[in-house]
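Fold and contact review
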Amino acid sequence: MAVTRPAPRPVPAALPTGPGPGPGRGSGSGSGAVVPGPRRAVAHRYAALPPPLEVALAALRLEALLGDPRDAANPYGLPALTTPLTTSRTTTGSITGRAGGVGGAGEDRAGLLAAAGLGRIRAADQLVRALRPVLRRDVALGHACAAAAGPCPVPAALLGPAALLAATGTVLRQAARIVAGRCHGEPALRQWRPVLATVFADLLACESLTSVALRRPAGFASGALLPAVAGYVVPTVVGDVLAQLDLVLTECGHGPAGLEGRMLAKLAGDLPAAGVDAAAAGSWQAHLVRALPALAQSPGPQHAALPALFRLADPDPDPGPAPDPAADPVSGTGPRPVSGSGPGSAVTAAAPGANRQHGQHGQDRQGLDGESGDGESGGGDGVVLSGLSRAAVRPAGGDPDRAALAGVARRLLSEQRALRRPCRAAGLDGPDGPAVRALADRQALLWLAAAVLGVQEAADEGRGLFLGGPHWALLALSGITERLGVPLPAPAADPREQVWAELAGRVRRGVDCDIYATRVLW
């Protein structure tokens, strides 16, 4: 019996009014009727942490224009994007071909973004939210669309990590859908639920860091520490995440020949072009070595107000000026070619040190040697470390999980203090020694933990949001402390079951596994 698919839907003006998924959501057959609603309520129905209305509408239009990701005939669908390069010879002898992951000509890609209204979005973090329907599908497609659209407010150093997290989240949703759908009839598959819960928490932790980095004011003269930390940490952590997802999918019978296996293979193949492979992470680590004195700064006073960088639902603290095509791609905007591996490639555009002025060991334009900035070394980016100091003294209110979270924060804060002296004395032996690289690794993980704690505190405002609860943060911090080798007492309860319940519920309701809990159309 032939399977028919619904006709393409018009660009929606609002979201479905009901809280649950529309008919056929799990199978990619649509999300129900689209009805108008009050402007203020549209963004709130779009995500648990709602963006500005124009951002929500732009993302919805873009996702509708991209079409059904399961449609084999859709050039922007997952089957087409994961198809290997094929070539054929025409009757005239010319070669034609199609490569998965590029999804149409550059004009088409630029037209998609223009039709969706993304050109009016100036805040970097909000533009990444609006781009997520593209980034979810394919890392290379996300970079191709950005290049076709010209200069944008998203720093090249952060576009790669953002795309990597979005594309990995798609694979996680596929794996969670498989396990959740079959574990009742196949109890052996339940062993993968805590694994996927841990993957979910790791992705939320990395997105916390990336989102905070995207919200840093454009005028910070702080050594661009946050983009450098994200450029190192995200590929490093996600590399382990992809290995876990590969294991789960293979054990569930979805190997390399299936769609999920091809998605993983395509994602792994696109990492170098997106500047988020192991080599790029190693380059960022070398920059962090030069920034060790700045990374080791004090978290600041515990009584200070929660920095605006952590309040992901609030407007961007400083969206900055309109894009400048000549801006530095590491901390500004600038054009970003996306293919190849030479001087014009995305690796060069996003890689650290592409615009260095004083040679291999001199101070670069962003001051990543830790000597620039205002106040202490590292300047404004160092406010992220206040996430550690604030969480260490937050009252638990009798909640054992929140008490455990505060205990972890105190232990990590002690670790950060213990590392200050060796980090401030580092660099005398050069940036290539294993000892200084280990220090940079530990400091970067502590910045990741601080971002997690700051984002969790900002979301914990009595609204009952999953992001404001302690479970995902506890699970994410357990992974960080394991990487650090820091001994900790066990939390009050294993948080993996609660985190799995959230992940499975999102898959069932058609909600992305991002930090904002964003609805998806397909």
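Please read all numbers here as calculations on a predicted model, not as lab measurements.

Points about the overall build of the protein
Counting its secondary structure elements, the protein contains 18 helices and 2 strands. For the protein, the proportion of contacts with a sequence separation of at least 24, taken over those separated by at least 6, is 75%. Accessible surface, the protein: about 20,400 Å² in total, of which carbon and sulfur atoms supply 57%.

Quick word on the nonpolar core
Counting 155 residues, the largest nonpolar core has L118, L172, L196, V384 and L477 as its most contacted members. With 16 residues, helix α16 (residues 434-459) is the single largest residue contributor to this core. Every residue in contact with L118, bar those within four places of it in the chain, is listed here: A58, L62, L113, L127, A130 and L131.

Overview of the confidence of the model for the protein
Detail in the predicted coordinates should be disregarded across regions flagged by low pLDDT. Predicted confidence across the protein gives a mean pLDDT of 78, with 72% of residues reaching 70 or more. Summarising per-element confidence for the protein, the mean pLDDT is lowest in helix α13 (residues 346-350) (34) and highest in helix α8 (residues 193-214) (98). Every residue in residues 87-101 is under pLDDT 50, and counting partners more than four places away or in other chains gives 28 contacts. Under a pLDDT of 50 for its full length, residues 322-379 has, in the predicted model, 132 contacts with residues more than four places off or in other chains.

Quick notes on the pattern of salt bridges
Opposite charge on two side chains allows them to pair when their charged atoms are near. A complete count under the given rule lists 19 salt bridges for this structure. In this structure, R136 engages D512 in a salt bridge whose closest nitrogen and oxygen atoms are separated by 3.2 Å. A residue pair is termed long-range when its members are at least 10 positions apart, and R136 in the loop between α5 (124-135) and α6 (139-149) and D512 in the segment after α18 (496-509) qualify at 376 residues. In this pair, the class of R136 matches that of D512, namely buried. A salt bridge links E415 to R411; its shortest N-O distance comes to 3.9 Å. With a gap of 4 residues between them, E415 and R411 both fall in helix α15 (residues 400-425), about one helical turn apart. R411 gets classed as partly exposed once you look at its relative accessible area, which sits at 28%. What you see here is one network of salt bridges that share partners, running through E63, R132, R136, E207 and D512.

Re α5
The terminal C-alpha atoms of α5, which comprises 12 residues, lie only 14 Å apart, well short of the 16 Å expected from a rise of 1.5 Å per residue. Burial runs high along α5: 12 of the 12 residues are buried. Every buried residue of α5 is listed here: A124, D125, Q126, L127, V128, R129, A130, L131, R132, P133, V134 and L135.

A few points about the packing of aromatic side chains
Applying the stated criterion across every chain, the model contains 1 aromatic pair. A centroid spacing of 6.0 Å and a plane angle of 0° characterise the contact between F200 and F466, whose relative ring orientation is stacked. One end of the pair, F200, is in helix α8; the other, F466, is in the loop between α16 and α17 (471-484), and 266 residues separate them in sequence. For F200, a relative accessible area of 0% puts it in the buried group. Positioned over the ring face of Y516 is R129, at 3.6 Å from the centre of the ring.

Quick look at the packing of α8 against α16
Closest axis-to-axis distance for the α8/α16 pair is 8 Å, and the angle between their directions is 85°. Judged by the angle between their axes, α8 and α16 are roughly perpendicular. Along the contact surface, α8 presents A205, C206, S208, L209 and V212, while α16 presents W447, L448, A451, V452 and V455.

What counts and how
Residues numbered from 1 in each chain as written. Predicted model: local features only at pLDDT ≥ 70, side-chain atom pairs only at ≥ 80, totals over all residues. Heavy atoms only, no water. Helix = DSSP H or I, 4+ residues; strand = E, 2+ residues; numbered from the N terminus. Contact = heavy atoms within 4.5 Å. Areas by Shrake-Rupley, 256 points an atom, 1.4 Å probe, with all protein chains shown as cover. Core = buried A, V, L, I, M, F, W, Y, C linked by side-chain atoms within 4.5 Å. Buried < 20%, exposed > 50% of the residue type's maximum accessible area, 1.4 Å probe, protein only. pLDDT = per-residue confidence, 0-100. Salt bridge = Lys/Arg side-chain N within 4 Å of Asp/Glu carboxyl O. Expected span 1.5 Å × (residues − 1). Phe/Tyr/Trp six-rings, centres within 6.5 Å; stacked < 30°, edge-to-face > 60°. Lys NZ or Arg CZ within 6 Å of the ring centre and 35° of its normal. Axes fitted to C-alpha atoms, helices over the stretch in contact; angles between N-to-C directions. Parallel < 35°, antiparallel > 145°, perpendicular 65-115°, else oblique.

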